[in-house]
Every structure is written in structure tokens, then in C-alpha cells.
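Structural overview for review
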Amino acid sequence: MDILQHLKNNILYLDGGMGTLLQARGLLAGELPERWNLSHPDVVTEIHKQYFDAGSNVVNTNTFGANCLKFGEDELETIIGAAINNARRAAAESETESPKWVALDIGPTGRMLAPYGDLDFEDAVEIFAKTVRLGVKHGADLIIIETMSDSYESRAALLAAKENSNLPVFVSCAFGEDGKLMTGANPAAMVAMLEGMGADAIGINCSQGPQNLIGVIKEYLKYASIPVLFKPNAGLPRVEEGKTVYDLSPTDFAADMATAVSLGVRAVGGCCGTTPAYIAALVNQTKDCKPQPITKKNITCVSSYTHAVIFDRAPILIGERINPTGKKRFKEALKAGDMDYILREGLEQADRGVHVLDVNVGLPEINEVAMLRDAVTRLQEVTDLPLQIDTADPAAMEAALRRYNGKAMINSVNGKRESLESVFPLVKKYGGLVVALTLDESGIPTRAEDRVKIAERILAVAAEYGIDKKDIIFDPLALTISADATAARETLRAVSIIKNRLGCHTSLGVSNVSFGLPQRDIINSTFFALALERGLSAAIMNPYSLEMMKTYHAFCALDGQDENCAAYIRFASELPLASATASVASAALSAAPKLEESELQKAVAKGLRDRAAALAREELKTRAPLDVVQADIIPALDVVGEGFEAKTVYLPQLLMAAEAAKAAFEEVKSCLPAAANNGVAVVLATVKGDIHDIGKNIVKLLLENYGFAVSDLGRDVSPETVVAEVVRLHAPLVGLSALMTTTVPAMEETIQKLRAAAPWCKIVVGGAVLTQEYADRIGADCCAKDAMETVRYAETFLGDSTK
């Protein structure tokens, strides 16, 4: 039976944990569990069989970390082939009558993708692709991508799976206590991206127990139109009689999971701490539950790497300023490759309250494919606003869409057959909300009814490609009234018909209506108000226009979309006291009060690397190097760090600020004597057997920017190597990282040897599987939940030494 067909009418039972079961059977600290597919095939097969016997329909192969970063090409194929064979053998030996499938299990690479790490997106895609191709070759039934904590890596893995197989693909992410991924994505953002790219089921695994994750599950169910899966841990780990146990029994776990099933979760299993007994209890508890129907949510949205922007009643503002049309300075920046200018243009529009940034870099004199790709990538480094990729070049569109971290808005397609055939395949492959212009080979019709006919044809062709109308937003085209007095009226009629008859959203480039007229803002803002009243969903507009922003805020207040008129009051209170023609560049348009900060502080806080370095060079001409550090760089980092701790700033923004600070620090260091560059030594390592060094690398970057000298030993580091380095440096602090439950014993061994050889050294540990109680049990001084907590801990007893 086809697994997707089975999912339509049944609860799909997944398996539980693997690593802890292997440890119980003798897996040593630091030993790679994937190699047990070859050295202990009977053990692995027996575990799979126990899950099938317990009622699992799907077992994951023992390949969570099987990738070319960890294994050579020949060994990787041998391991994957053996892993699939072991699971197949288990299915054949199990006597249960329920349908059974073998899933190729794919976990994260353990590396952070650029720009936050050193792994290029396309390299990540190829790493996953190699595993996928081997899984297909050796007969996997489906692919499960799991425990993803970064939306960008999730995208790379899903893209690799879709490009290299025709198998069903499930994608499961690991959400933290704050309901977000490590890099900031909320559930709505992940649903938008993964569903848009064609995942067959999506959901959550690991991190916490079912009760702690039920809020995230509810969000997934609210937005997803495809099956949702759920594989939480058996609660939180603790230590009893020297052994790690989890705080939920099989019965308690099953009861909590039954609640998730009643809410609409369609595929269920377990992660860390769960065993066949947990799956058996889960099956017994839910076997008579009637699956809730999976319904289309018909939500029109775009997303960034942090959040989704939903097109509903409230109008969406799309900033138009990243566009060379009529902008001499912007054209010069494009020709010169001045990316810093483009980034600042995006940041300034974000400060003025737009929800989406249009990105158009089309000039005949430049390589648009490379420039659009790079502009989109760099803008996502410094802002979490969703982007509208604006180009008429399909090659440039694909280059930008491929690397876009989220579900992009795509501008545009039109009714011409050539346009439909070049754009719709890209929308289907990469996901996106596509702007559809109501024109065709005959041009732009004068009458609204004829534009609507084009819209209907576009919808019909979109359906042929499997693109739902919720992912089409129509632009019925604002034409200048100076050339045709009826132009605005017909466009407004088209907006109304498309909304009410077709049930689709609309967007307009508002300023086109006033072309050729004086005092264009007067016409633009009034037309904008009329369009909003007709149901306009979004406007590509100039957020520097005071009149346009007045119209927007007034409309939202009058239409009941601004609770207690709070946004309007804030906006109005910041307006210039002078006439309405006061400079629109005034900071009064900012959505929040601006702090008094230097330009260097701003550049660091916004993550503008090149600008931070240039400003630091300029400041160092007249100021002492340490004054620049203490008065500008560290305060800016503190502001961003405090925002991260308060959950108002996300990890990518923190990392880019750290990169900007690093660029400024390099300028400072060049002005300091060599001895002044030596900070307090901190040793960092990912423990033996673990190749996941994302968290460690983030800690390293932040510690260095706070003045600590870091000795980074890398990943898969033996206890003896860690001890030797700590003793050599007489380091006062060591940081140890472990992602997997199977490598925590190696962490404990390292700590024991450090206590014996370097009793002066404080030990901070981190990793998804660790809690403070567990850290206490293995002898660590601190369990840091994130990188900033490590910095704060270091500052408590080392801070004075770094000044």
C-alpha cells in the first residue's frame, strides 16, 4: 500500500528512539552508532523488529548521522545499504499484520550554513543528496528528515530529497522552549516554507516532552494543509541510580500523545527516551481514535527565516525602494557592486514599517543572475522581513529562489504563455506566492472584466502545475490617469471583482497611477485609500512617503484593524510638528523610538560588516583603540545580546552583529601592540564521537567578540586532547558540546579527566539533550542553554581579565 494513501485515512505509527537502546546494548562513548549496521546487524535488526512488533508502521534506518562529512564514499554506501537491509529484515521477521515501511533517516550535518557558518548552501544540498541517492539505490520507501533546528538546512535537505528521488518526504524540526527553531523560525514560517516546497508531511520531534510541545503542534495544525507528525521525547531527562531516565512513563506518554491525535496529528511516534514499550502504549491508547480530517487552510502567505506574513484583512506594505528604476544613486551602487548601500536601503524601509521588501536589481550593465542571488542572500543576513523577488529573468529568479530562506513573494508572472511556462515550474519547485499581472500577448486590457478573464486563465494554468490559487496574488495594474482618465476606476473595479468573484488577493504598484503629474503623493495616497476600501491586499509603495503612511495608518484604524488605535497613536505622536510636507526622511516614521547611538554602533547592531569596518577605521583616526571597543563595539553587542536573551532578536541577527563586530575588531587590533591582543584563554570542543559543532562555533564567535581568546579544538575531540590543551594554556574555562544522547558519556569522561588534571578549570556544557540536572550529574559547573548564556557565565568570573 502507498504510504501517502494510508495517511489519508489512518493514523500512521512511527518508531521511537535508537541511540539509547544501542547504548544499553553496549555502544561505547564516542562510537559511531551508524557503524553498528555493519558490526552488530542483528542488534539493530532486533530493535527495528521490536518497534514493528509494538505497532510501528514506519521504522527509521539507523542512519541519522550517515553523511559524507562523517564517512568516506565507499563506507557511506555500505552503511546505508546495510541499514536499509536491517530494517527490511526486521519488517519481514515481524509477524504483525499492519502495513510496514522503511524510512531513510536523515539528520542535520552538524555544520551551520553560511552566512552564519562555513558550509555553503549548495554544498549542504549535495551532502544530503549523496545520502538520498544511496537511500533510493538501496530501496528505502520514504525519506524522513528529522531534528532540524535551522530552517535553511531544512530547505537544503528537502531540496536534495526532491531533486534526487521520487519518494515521499517527511520533514521534522526540533523546536526550543520558546516555540522557535534555534535560528528563529516559528511554526508558521516552517509550515509555509516546507509545504510550499512540496513536503508530504511535516512536524516536530525531539527537544522536549509532548506537553511542552503541544503549543507548537497546535500552530502546525492551524497552518498546515498536509499531514502533521509528532515524535517528542519521553519528557525531560534526569539521573536515577547513576542512569539517565526520562520523566514520562509509557502510559503517561501515550495519554499525552492521544491528546495530540485528537487535535489532528496524523503520524505519531517518539524520540529520545522512548522505547518499543512507549510505542506499544501509544498504539494501544490511540488505535480506536478516528483521525481528524486534513483540511486545506487556504492561507495566503510569505515567510522569512523567522516568521510568516499572512495576507488577510490587514493590508501588507511592500517596500519599493530596492529598485534601480528612476534612482541614479541606486544604479551607481549596482554597477559598483556596493552591496552595503542596498542593505541600508532595506534596513531603512524595515524601520519605516513595511512588511515585505521588493528586491529588483535589473540593469543591462550587470550580471543580474549573480547580483539578485547575492542581494537576496545578503539582505537575509541583516533583516528578517520576507522578500519579494522582482525580475523578468527566469534564470535570475531561480538563482534567488533557490537560496531564499523561506517562502518568497515572486514578482511576477503574466498571462503570456512564455511567462507561465517559465515561472510556474519555479513556483512549484521552490514554493512561493507569485504576483500575477493581468496582461497577455494582447497587452493590458482597458476594461476590468477583460483583466479578470486573464486572471481566470492564469488560475487555470496554475492548477495544471499543481499551484493552488492561495499562492497567486493578482496585480490588476495601476495605469497613469494622466494618459487615461478612466484608468484608476477600471483598476479599482478589477481589484473588487478579483476579490469577490475569484476569491483571490490583490497587489498594486500604487505610484504608477500618478506618473507624469505634479505632487504625486496627493494622487497616490488617495488612490491607495480607494483601493484599500475596495479590498486591496497589498501595495508596493514608498514607505518614505508621509502621505502614504498617513493613509495606511488611518485606514487600519478606521477599518477596525488597529486595536485601541495603538499603532495610529504611536505613528501620529511621532509626526513632525511642522507642516505635512516636512522631510519624509525624518525619524518620525520609525516604528519604534530610536536610541542615541553612534553610526558604528548602528552598523554593528544591524550586522553591516563592511560598514562597521569602514566606520571603525575612521574612528581610529581620532580615538584610542580601546575607547572604540568599550564605547561602541561592546555596547552594540550588548544591546543585541540583551535582545536575544529577551527573545526579540534571533540567532541569525546575533551572529551577523557578531560578524560586524569582528570586522570592526580587526581594524582595532591592527592599531594595538601584539601583547594587547591576548585575551583570557577559553578552550572549546565538541566531544568524542559527535560531529555537530554548530553550537560550539556560535559560542566561539561571541566569546572572541567579547575579548576572550579561544582555542577551538573542533569536533569529535578525545578527552585526552581536551585535557592536554587546558593544561598547556592553564585555561580557566572550557566549553564542551554534545548534540546526541549517544555522545553524552564521552562528555562525562572528559569532565572526569579534567577534574583530575585541571581542578582549577570551570566547565560549561551545552547541547540539545542536556539539562542543568544532567550537567550537575556529570560534574559540569554550568549548563548553558544558548551562546549568550555562555558569554555571561564567562564574564562573571573572567570578565575583568579581558578588559
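In the block above lies the structure referred to throughout.
Quick caveat, the model's predicted, so the values are computed rather than measured. (Residues numbered from 1 in each chain as written. Predicted model: local features only at pLDDT ≥ 70, side-chain atom pairs only at ≥ 80, totals over all residues. Heavy atoms only, no water.)

A closer look at the overall build of the protein
Spelled out, the test is: Numbering of helices and strands runs from the N terminus; a helix is a DSSP stretch of H or I covering at least four residues, while a strand is a stretch of E covering at least two. Each radius of gyration is computed over the set of C-alpha atoms, and the globule rule expresses the reference value as 2.2 Å times the number of residues to the power 0.38. Partly exposed residues are those whose accessible area sits between 20% and 50% of the maximum for their type, while under 20% is buried and over 50% is exposed, using a 1.4 Å probe and protein chains only. Working rule for contacts: check all heavy atoms of both residues, and any pair within 4.5 Å makes them a contact. Shrake-Rupley sampling with a 1.4 Å probe provides the accessible areas, and residues are treated as covered by the protein chains on show and by no other component. Positive charges are assigned to Lys and Arg, negative charges to Asp and Glu, while His and the chain termini are left out of the count. Note on charges: their place is set at NZ of Lys, CZ of Arg, CG of Asp or CD of Glu.
What the protein contains, in helices and strands, is 30 helices and 25 strands. For 803 residues, the compact-globule estimate of 2.2 N^0.38 gives 28 Å, and the C-alpha radius of gyration of the protein, at 28 Å, lies within 12% of that figure. Its C-alpha atoms put the protein at 80 × 70 × 50 Å along the principal axes. Burial statistics for the protein: of 803 residues in total, 58% are counted as buried. Put simply, 75% of the contacts in the protein that link residues at least 6 apart link residues at least 24 apart. Of the roughly 30500 Å² of accessible surface on the protein, a fraction of 51% belongs to carbon and sulfur atoms. The average position of the 80 basic charges and that of the 103 acidic charges among the side chains of the protein differ by 4 Å.

Describing the pairing of strand β17 (residues 433-437)
In plain terms, the rule: Clockwise travel from the first strand over the helix to the second, with the strands pointing away from the viewer, marks a crossover as right-handed. The pairing criterion is simple: DSSP has to find at least two bridges between the two strands.
The buried count for β17 comes to five of five residues, which makes it a mostly enclosed element. Side chains L433, V435 and L437 project from β17 onto one buried face, and the interleaved V434 and A436 project onto a second face that is buried too. Handedness of the crossover joining strand β16 (residues 409-414) and β17 through helix α16 (residues 417-430) is recorded here as right-handed. Relative to strand β18 (residues 472-475), β17 runs parallel, the two sharing four bridges. Paired with V434 across the strands is I472, a residue of β18. Running through helix α17 (residues 448-464), the crossover from β17 to the neighbouring parallel element β18 is right-handed.

Focus: the sheet that holds strand β19 (residues 505-509)
The test is simple: Axis lines are fitted through C-alpha atoms, for helices just across the contact stretch, and the angle between N-to-C directions can take any value from 0 to 180 degrees.
Pairing is parallel around the closed barrel formed by eight strands, whose spatial order is β13-β14-β15-β16-β17-β18-β19-β20. On average, each strand axis in the sheet is tilted by 30 degrees relative to the strand beside it, whichever way the strands run. Bridge count for β16 against β17 is five bridges, and the pairing is parallel. Residue pairing for β17: N414 is matched across the bridge by L437. The strands touched by helix α13 (residues 339-351) within the sheet are β13 (316-322) and β14 (356-359), with β13 carrying the most contacts at an inclination of about 155 degrees. Seen against the sheet, helix α14 (residues 368-382) touches β13, β14 and β15 (387-390) and runs at an angle of roughly 170 degrees to β15.

Things to note about the pairing of β18
Taking every second residue as pointing to the same face, both faces of β18 are buried, with I472 and F474 on one and I473 and D475 on the other. Inspection of the sheet shows β18 paired to β19 by two bridges, in the parallel sense. Bridge pairing in β19 places F474 opposite T506.

Some thoughts on the nonpolar core
This is how the line gets drawn: Grouping buried Ala, Val, Leu, Ile, Met, Phe, Trp, Tyr and Cys residues that are joined through side-chain atoms within 4.5 Å yields what is termed a nonpolar core.
Core analysis: the largest hydrophobic core is formed by 223 residues, its most contacted members being Y220 and F424. Beyond its immediate sequence surroundings of up to four residues, F424 is in contact with V413, S419, V434, I458, V461, A462, Y465, I467 and I472. Judged by nonpolar contacts, the second largest core, of 27 residues, contains L736, L754, C761 and V765.

Quick look at the environment of A539
Its location among the elements puts A539 in strand β20 (residues 538-541). For A539 and D475, which are 64 residues apart along the polypeptide, the C-alpha to C-alpha distance reads 9.5 Å. Once residues within four sequence positions are removed from consideration, A539 is found in contact with I316, L317, I318, S507, L508, V510 and F528.

Points about empty space enclosed by the protein
This is how it is decided: Here a cavity means grid points, on a 1 Å grid over the protein atoms only, where a 1.4 Å probe fits yet cannot get out; a pocket means an open set of points with protein on both sides within 12 Å along at least five of seven lines; lining residues are those with an atom within 4 Å of a point. Grid points are joined across faces, edges and corners, and a volume is the space filled by probe spheres set on the points. All amino acids are sorted into three groups, where Ala, Val, Leu, Ile, Met, Phe, Trp, Tyr, Cys and Pro are nonpolar, Asp, Glu, Lys and Arg are charged, and the leftover types, Gly among them, are polar.
Applying the stated criterion across every chain yields a total of two cavities of 30 Å³ or more. Considered as a void within the structure, the largest cavity measures approximately 70 Å³ in volume. Considering the residues around the largest cavity, the lining is formed by P115, Y116, Y152, Y305, T377, Q380, E381, R403 and N405. Of the residues forming the lining of the largest cavity, the biggest block, three residues, is contributed by α14. Classifying every residue of the lining of the largest cavity by side-chain character gives four nonpolar, three polar and two charged. The computed volume of the second largest cavity comes to approximately 40 Å³. Around the second largest cavity, the lining residues are T63, F64, G65, A66, N67, I106, G107, F128 and T131. Within the lining of the second largest cavity, the residues separate by chemical class into four nonpolar, five polar and no charged.

Points about the packing of aromatic side chains
What counts, and what does not: Paired rings are identified among Phe, Tyr and Trp, the last through its six-membered ring, by centres lying within 6.5 Å, and are further divided according to the angle between planes into stacked (under 30 degrees), edge-to-face (over 60) and tilted (the rest).
Inspection of every chain in the model, using the stated rule, returns five aromatic pairs. With a centroid separation of 5.6 Å and an interplanar angle of 75 degrees, the aromatic rings of F253 and Y278 are classed as edge-to-face. Remark: Y278 occurs in helix α11 (residues 276-286) and F253 occurs in helix α10 (residues 250-263); sequence separation between them is 25 residues. The same class applies to F253 and to Y278, which are both buried. Considering the side-chain rings of F330 and Y341, the 6.1 Å spacing of their centres and the 65 degrees angle between planes classify their relative orientation as edge-to-face. With a gap of 11 residues between them, F330 in helix α12 (residues 328-336) and Y341 in helix α13 connect regions that are remote in the sequence.

Some details on α14
Stated formally: Multiplying 1.5 Å by the helix residue count minus one yields the expected span of that helix. In protein, a polar contact requires one atom able to donate a hydrogen and another able to accept it; more generally it is a pair of N or O atoms within 3.5 Å, and residues adjacent in sequence count only if both atoms are side-chain atoms.
Between the first and last C-alpha of α14 there are 21 Å, a value that for 15 residues agrees with the 21 Å anticipated at 1.5 Å per step. Along α14, the positions that sit buried rather than exposed are E368, M371, L372, A375, V376, R378, L379, Q380, E381 and V382. Of the residues that open α14, the one with a side-chain oxygen 3.2 Å from the backbone nitrogen of V369 is N367.

Quick notes on the pattern of salt bridges
Test applied: Salt bridges are defined by distance alone: a side-chain nitrogen of Lys or Arg within 4 Å of a carboxyl oxygen of Asp or Glu.
All chains considered together, the criterion is met by 54 salt bridges. For D471, the salt bridge is made with K407, and the minimal N-O distance between the two is 2.6 Å. Here D471 is found in the loop between α17 and β18, whereas its partner K407 is found in the loop between α15 (394-403) and β16, with 64 residues between them in sequence. The class of D471 is buried, set by a relative accessible area of 11%. Among the ionic pairs, E748 bridges to R777, the shortest N-O distance being 2.8 Å. Here R777 lies in helix α29 (residues 772-778) and E748 lies in helix α28 (residues 744-757), a separation of 29 residues in the sequence. The exposure class of E748 is buried, given its relative accessible area of 18%. Taking the relative accessible area as the measure of exposure, R777 reaches 31% and is therefore partly exposed. Taken together, the shared-partner salt bridges in this structure form one network comprising R447, E449, D450, K453, R489, E490 and R493.

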